[in-house]
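Residue strings, one per chain:
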Amino acid sequence: MIDIDRELQKNLPIVMMPKYSELDALKDNEKRLILGSNGIFIESKCKAIHCRLKIAPALDIPVPCGYVAKFLKVKQLEEWVKELIVKQSKLALPNEYCLLIVFDADKSEYQIVEPEVISCSPSEVKYKMPELEKNQHIFIDYHTHGLGNAYFSATDNADDKTLGGTYFSVVAGKCDRNPEFKTRLNIDGFNQDTINLW
């Protein structure tokens, strides 16, 4: 194998789950694929999120691997953040609204970042992702569908394929009443629906 391939594979190494012991713990900002007896998994760890998701079924041949357990661990979202999101979403009506919830690792706290809005209407919001500090990490990429239903549109799907990193996408709908939310976890373009964070 040549050096460039070795460097590329460092970004997403593939390991086999041991049958009689544990894998070495991931460090912050690391990812890996895990081959197990029950499927193929991706594991990612950053300051606010540590997760392991199943991305493919088990191989049809016997493999000398152990069982892989999936999990999702997040740093708890403070109540004031949730309340502010709902309030701002209603104030923006009838237009859609967007914001980022960013985790600051140095301060160990969540922060609200409002991105630069390019255009906004009752049917769409376009915005430019800000440049974050090295210690900051996107925890939630949030936007609303105003008075409409909460769902991931084709535009949302395309955006989550290109943004990169490990973060949640949240879409809110019916913001004129008790809003409904759809949530999914993204890992470098792979996404999976998950429980709502509030």
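Quantities reported herein were computed from a predicted structural model and do not represent experimental measurements.

**Considering unusual backbone geometry**
Then, in step 1: With an omega of 5 degrees, the peptide bond between Leu93 and Pro94 qualifies as cis.
Then, in step 2: Within the fold, Pro94 resides in the loop between helix 2 (79-91) and strand 6 (98-104).
Then, in step 3: Positioned with a positive phi, Lys174 is a non-glycine residue whose angle comes to about 55 degrees.
Then, in step 4: With respect to the secondary-structure elements, Lys174 resides in the loop between strand 11 (166-173) and strand 12 (180-187).
Then, in step 5: The phi angle at Asp188 is positive, at roughly 50 degrees, despite the residue not being glycine.
Then, in step 6: With respect to the helices and strands, Asp188 occurs in the loop between strand 12 and strand 13 (190-193).

**A word on helix 2**
Then, in step 1: Here helix 2 contains 13 residues, and its C-alpha end-to-end distance of 19 Å stays within 8% of the 18 Å for a straight helix at 1.5 Å per residue.
Then, in step 2: Taken residue by residue, helix 2 has Val81, Lys82, Ile85 and Ser89 as its buried positions. One side of helix 2 holds all its buried residues, which, seen down the axis, span an arc of 100 degrees. Counted as exposed and oriented over 90 degrees from the buried face of helix 2: Glu83, Lys87 and Leu91.
Then, in step 3: Check the buried side of helix 2 and you find it contacts strand 6, strand 7 (109-113) and strand 10 (136-144).

**Examining the layout of surface pockets**
Then, in step 1: The space that makes up the largest pocket amounts to roughly 470 Å³.
Then, in step 2: Along the walls of the largest pocket sit 24 residues, with Val125, His143, Thr155, Asp156 and Asp159 positioned nearest its centre.
Then, in step 3: Breaking the lining of the largest pocket down by element, the ones donating at least two residues are strand 9 (125-128), strand 10, helix 3 (154-162) and strand 11.
Then, in step 4: The dominant element in the lining of the largest pocket, judged by the number of residues it contributes, is helix 3, at five residues.
Then, in step 5: Grouping the amino acids of the lining of the largest pocket by side-chain chemistry returns ten nonpolar, seven polar and seven charged.
Then, in step 6: Taken as a whole, the second largest pocket holds about 190 Å³ of empty space.
Then, in step 7: Along the wall of the second largest pocket there are 13 residues; nearest its centre are Lys31, His137, Gly164, Gly165 and Thr166.
Then, in step 8: Elements represented by at least two residues in the lining of the second largest pocket include exactly strand 2 (30-36), strand 3 (39-45), strand 10 and strand 11.
Then, in step 9: Grouping the amino acids of the lining of the second largest pocket by side-chain chemistry returns four nonpolar, six polar and three charged.

**Notes on the nonpolar core**
Taken as a class, soluble globular proteins show a tendency for nonpolar side chains to be buried jointly.
Then, in step 1: Counting residues in hydrophobic clusters, the biggest one holds 26 residues, and the most contacted among them are Ile49, Ile101, Tyr110, Phe139, Ile140 and Tyr142.
Then, in step 2: Breaking this core down by element, the ones donating at least two residues are strand 4 (49-56), helix 2, strand 6, strand 10, strand 11 and strand 12.
Then, in step 3: Among all residues touching Tyr110, those that are not within four sequence positions of it are Ala48, Lys75, Gln76, Leu77, Glu78, Trp80, Val81, Ile101, Val102, Phe103 and Phe139.

Cut-off values and rules
Residues numbered from 1 in each chain as written. Predicted model: local features only at pLDDT ≥ 70, side-chain atom pairs only at ≥ 80, totals over all residues. Heavy atoms only, no water. Helix = DSSP H or I, 4+ residues; strand = E, 2+ residues; numbered from the N terminus. Expected span 1.5 Å × (residues − 1). Buried < 20%, exposed > 50% of the residue type's maximum accessible area, 1.4 Å probe, protein only. Arc of directions from axis to C-beta. Contact = heavy atoms within 4.5 Å. 1 Å grid on protein atoms, 1.4 Å probe; cavity = no way out; pocket = protein on both sides within 12 Å on 5 of 7 lines; lining within 4 Å. Points joined across faces, edges and corners; volume = space filled by probe spheres on them. Nonpolar A, V, L, I, M, F, W, Y, C, P; charged D, E, K, R; others polar. Core = buried A, V, L, I, M, F, W, Y, C linked by side-chain atoms within 4.5 Å.

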